[in-house]
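In case you want the letters, here they are:
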Amino acid sequence: MKVLHVPYSFPPDPPGGTEIYVDGLCRVLEPHGIQSVVAAPADADRAYDIDGLPIRRFACSASAMSLEALYGGGDPIATASFARVLDEERPDVLHMHAISPACSIDLVATAQQRGIPVVVTYHTPAISCQRGTMLKMGAEQCSGVLGVEPCAACVLDDLGVNPVVRHMVTALPSEVGRALGRHGWSGGVWTAMRMTALMERRVADAKRLFDTADLFVSLTPWVTRLLAANDVPSSRIVYSPHGTTGGRVARGPRSQGDAIRLIHLGRLDPVKGTALLLRSLAAAPELPLMLDIFGIVQATSDTGLIDALRSLAEADPRVTLRPSMPHGQVLTTLAEYDAVVVPSQWAETGPLVVLEAFAAGVPVIGSALGGIVDKIEHERDGLLVSPFDSEAAWTATLTRVTSRLDLLPGLRSAVVAPRSMVDVGREMLDAYRTLAAKRAAALVGAR
C-alpha cells in the first residue's frame, strides 16, 4: 500500500512539529509494508529522498497570493502541480497534514476525483480558523464552530479594526464585498469591507472539508470536540494523540545552588509566545534563572520579530538565543535542563515539545491553553500558567520556581514517558487499511 503525505513544508526547509510528525510516521509505517511518499509545496517541482524516504515537491505560486486564495479557494498552480504528482505516484491513500493556500481543499477534491480516499490530521488551528489561533477575539479559546459573521468579526479584530467599524462592515451585504473583489480592490478599508464575502468563501471551504474528507485524525480532545461541533460524525474521527521517537532519556539530579536552567524551543513566531516569555523574565531581573532559546527561523518568519526577539535576549544576560538543533539531538538536550517552557499563544494540538520534554524526564511550564492543558497535569508533572497571555502571571510562575527549589524536582519525579510514534503508526495502519478496503469494495461494486 502506498500513502502520500502532504505537510506544509519539508526538509531541507526548517521543519516544524508537523513535518517532524510526518517523518516519524513514515518511518514507523515502513516495517508494516506501507510505502510512504511525502509531497510538499515549494518554488518548483522536484524530487529527492531523505534517508530512503521519497520526497516530491510541487510548485506553487511565486507571487503574492490573492485575497481569494488566502481566504479559501487555493492556489491553482499548486493544485495543477499536485495533480501531476498524484497521477505519477498513484497512492492508495492521501494523508493531508496541512490545509493552506498551497495545500488547499482543492488537493482533497483532486484526489477524490481519482477515487483516492483522504485522511486529514488536524495539526494546527489554521486548518479551519482564518485567524489561525483558535482564540476568540484573541482572548479566549474558541469552540471552533464556523460562522460567517462571528469569524469575520474575529479576523477584523486581528487586523486591528475597532469595534464600531467591525460592526458596520460585518453588517454590509456580502454582495458589496464580492463587487469590490471583482474590481480588484484590496488592502486597508477595502479588505475590511470585503471581509463578509471573504469569510463566506473561507467558511464554505472549511465546511466542504469537514463534509467530504473520508477520515479526520484528532491529536487532542479539544480537536475532537471541534470536529463534532462542526457535524463531523464520530465514525469519521480517529483519536490518535502525538507520539515521540526514541526512548526515554535518563538524567541525573540537579546540583543544588546552581541557577535554574530553562529551555524554550520552536518556531520564532508570535503564536509561540517567545516575546511574552522574555518580557516576563525581564520584569524580574533578580531571579536566578538561565534561559536558552533554540529558535527555528523559517522562510515565512517575520524579520522584524526576529530582530525584536534578538534585542530582548541581548538585553538580559540570563538569556541565550541559539540556532535550532537537529531533531535527533532534542531529547538529550532537553534532559540537561530543569524545565521546558512552552508559552504558546494559540491553541496547540500538541505541542510535540511537551511530549519530548516528558520523554526526556523534564517537567513543563506551559500556557493553560489548548493541547497543553490536555497533556500537563497542573502541579503534578508541570505548571500551567493562567491567564496564558499575562506577563504578570508568567513572572509570578517563574518567581515561584526559584523560591521553591523543591518544586521542579518534585514535578520531574512524576513525569511519565509518553507513547511513541510506533503506537501512532499502528493506529494509522488500521485507518489506512479500512479506507483501502472500502475503496476496493466500491471499485468491485462499480464494475
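Keep in mind that what you see is a predicted model, and the values were worked out from it rather than measured.

Overview of the overall build of the protein chain
- Along its length, the protein chain carries 18 helices and 16 strands.
- For 447 residues, the compact-globule formula gives about 22 Å, and the C-alpha radius of gyration of the protein chain, at 23 Å, lands near that figure.
- Projected onto its principal axes, the C-alpha positions of the protein chain cover 75 × 60 × 40 Å.
- Counting all 447 residues of the protein chain, 54% fall into the buried class.
- Considering only residue pairs separated by 6 or more positions, the protein chain has 70% of its internal contacts joining residues 24 or more positions apart.
- Accessible area of the protein chain: about 18700 Å², with a carbon and sulfur share of 56%.
- The protein chain carries 41 positive and 47 negative side-chain charges, and their two centres are separated by 3 Å.

Points about the layout of surface pockets
- If you add up the space inside the second largest pocket, you get close to 300 Å³.
- What lines the second largest pocket is a set of 17 residues, and nearest its centre among them are Cys142, Val145, Pro150, Cys151 and Cys154.
- Elements that contribute at least two residues to the lining of the second largest pocket include exactly β7 (135–136) and α5 (148–158).
- Of all the elements, α5 adds the most residues to the lining of the second largest pocket, at 4 residues.
- Across the lining of the second largest pocket, the residue classes break down as 12 nonpolar, 3 polar and 2 charged.

A look at the sheet that holds strand β1 (residues 2–6)
- Spatially, β3-β4-β2-β1-β5-β6-β9-β10 is the arrangement adopted by the 8 strands of the open sheet, whose pairing is mixed. Here the strands that pair on one side only, and so sit at the sheet edges, are β3 (46–50) and β10 (237–239). The sheet shows a mean angle of 25° between the axes of neighbouring strands, taken without regard to direction.
- The sheet contact formed by β3 and strand β4 (residues 53–59) spans 5 bridges and is antiparallel.

Structural notes on the pairing of strand β6 (residues 118–121)
- By the alternation rule, side chains of β6 split into Val118 and Val120 and Val119 and Thr121, which are all buried.
- In this fold, the crossover linking strand β5 (residues 93–96) to β6 by way of helix α4 (residues 105–113) has right-handed handedness.
- Note that β6 and strand β9 (residues 215–218) share 3 bridges and pair parallel. Residue pairing for β9: valine 119 is matched across the bridge by leucine 215.

Observations regarding the packing of aromatic side chains
- What the rule picks out here adds up to 4 aromatic pairs.
- Between phenylalanine 210 and phenylalanine 216, the aromatic rings sit 5.7 Å apart at their centres with planes inclined by 55°, giving tilted as the arrangement.
- Sitting above the plane of the tyrosine 337 ring, arginine 261 keeps its charged end 4.4 Å from the centroid.

Concerning the sheet that holds strand β11 (residues 260–267)
- Strand order in the open sheet formed by 6 strands is β13-β12-β11-β14-β15-β16, with parallel pairing between adjacent strands. Of all the strands in the sheet, the pair left with one neighbour each is β13 (319–323) and β16 (382–385). Across the sheet, the mean angle from the axis of one strand to that of its neighbour is 20°, orientation sign disregarded.
- Of the pairings in the sheet, the one linking β11 to strand β14 (residues 339–342) comprises 2 bridges and is parallel in character. In the strand pairing of β14, leucine 262 is matched with alanine 339.
- Contacts from helix α16 (residues 391–403) reach β11, β12 (289–296), β14, β15 (364–367) and β16 within the one sheet, and its direction differs from that of β16 by about 155°.

Quick notes on unusual backbone geometry
- In this chain, proline 11 is followed by proline 12 through a cis amide linkage whose omega measures 15°.
- Structurally, the position occupied by proline 12 is in the loop between β1 and α1 (17–29).
- Between glycine 350 and the following residue, proline 351, the backbone shows a cis peptide bond with an omega angle of -10°.
- Its location among the elements puts proline 351 in the loop between β14 and α14 (352–359).
- We note that methionine 134 has phi near 60°; this positive angle belongs to a residue other than glycine.
- Phi is positive for glutamate 379, close to 75°, though the residue is something other than glycine.
- Looking at the element boundaries, glutamate 379 is found in the loop between α15 (370–375) and β16.
- For glutamate 379, a relative accessible area of 38% translates into the label partly exposed.

Let's talk about helix α7 (residues 174–182)
- Within the sequence span of α7, burial applies to Ser174, Gly177 and Leu180. Down the axis of α7, the smallest arc covering the buried residues is 120°, so these residues share one side.
- Buried-residue contacts for α7 involve α8 (189–193) and α9 (195–212).
- Once α7 finishes, glycine 184 follows within two positions and takes phi at roughly 75°, a positive value.

The rules behind these values
Residues numbered from 1 in each chain as written. Predicted model: local features only at pLDDT ≥ 70, side-chain atom pairs only at ≥ 80, totals over all residues. Heavy atoms only, no water. Helix = DSSP H or I, 4+ residues; strand = E, 2+ residues; numbered from the N terminus. Rg over C-alpha atoms; globule rule 2.2 N^0.38 Å. Buried < 20%, exposed > 50% of the residue type's maximum accessible area, 1.4 Å probe, protein only. Contact = heavy atoms within 4.5 Å. Areas by Shrake-Rupley, 256 points an atom, 1.4 Å probe, with all protein chains shown as cover. Lys, Arg positive; Asp, Glu negative; His and termini not counted. Charge placed at Lys NZ, Arg CZ, Asp CG, Glu CD. 1 Å grid on protein atoms, 1.4 Å probe; cavity = no way out; pocket = protein on both sides within 12 Å on 5 of 7 lines; lining within 4 Å. Points joined across faces, edges and corners; volume = space filled by probe spheres on them. Nonpolar A, V, L, I, M, F, W, Y, C, P; charged D, E, K, R; others polar. Pairing = 2+ DSSP bridges. Axes fitted to C-alpha atoms, helices over the stretch in contact; angles between N-to-C directions. Right-handed = clockwise from strand over helix to strand, strands pointing away. Phe/Tyr/Trp six-rings, centres within 6.5 Å; stacked < 30°, edge-to-face > 60°. Lys NZ or Arg CZ within 6 Å of the ring centre and 35° of its normal. Arc of directions from axis to C-beta.

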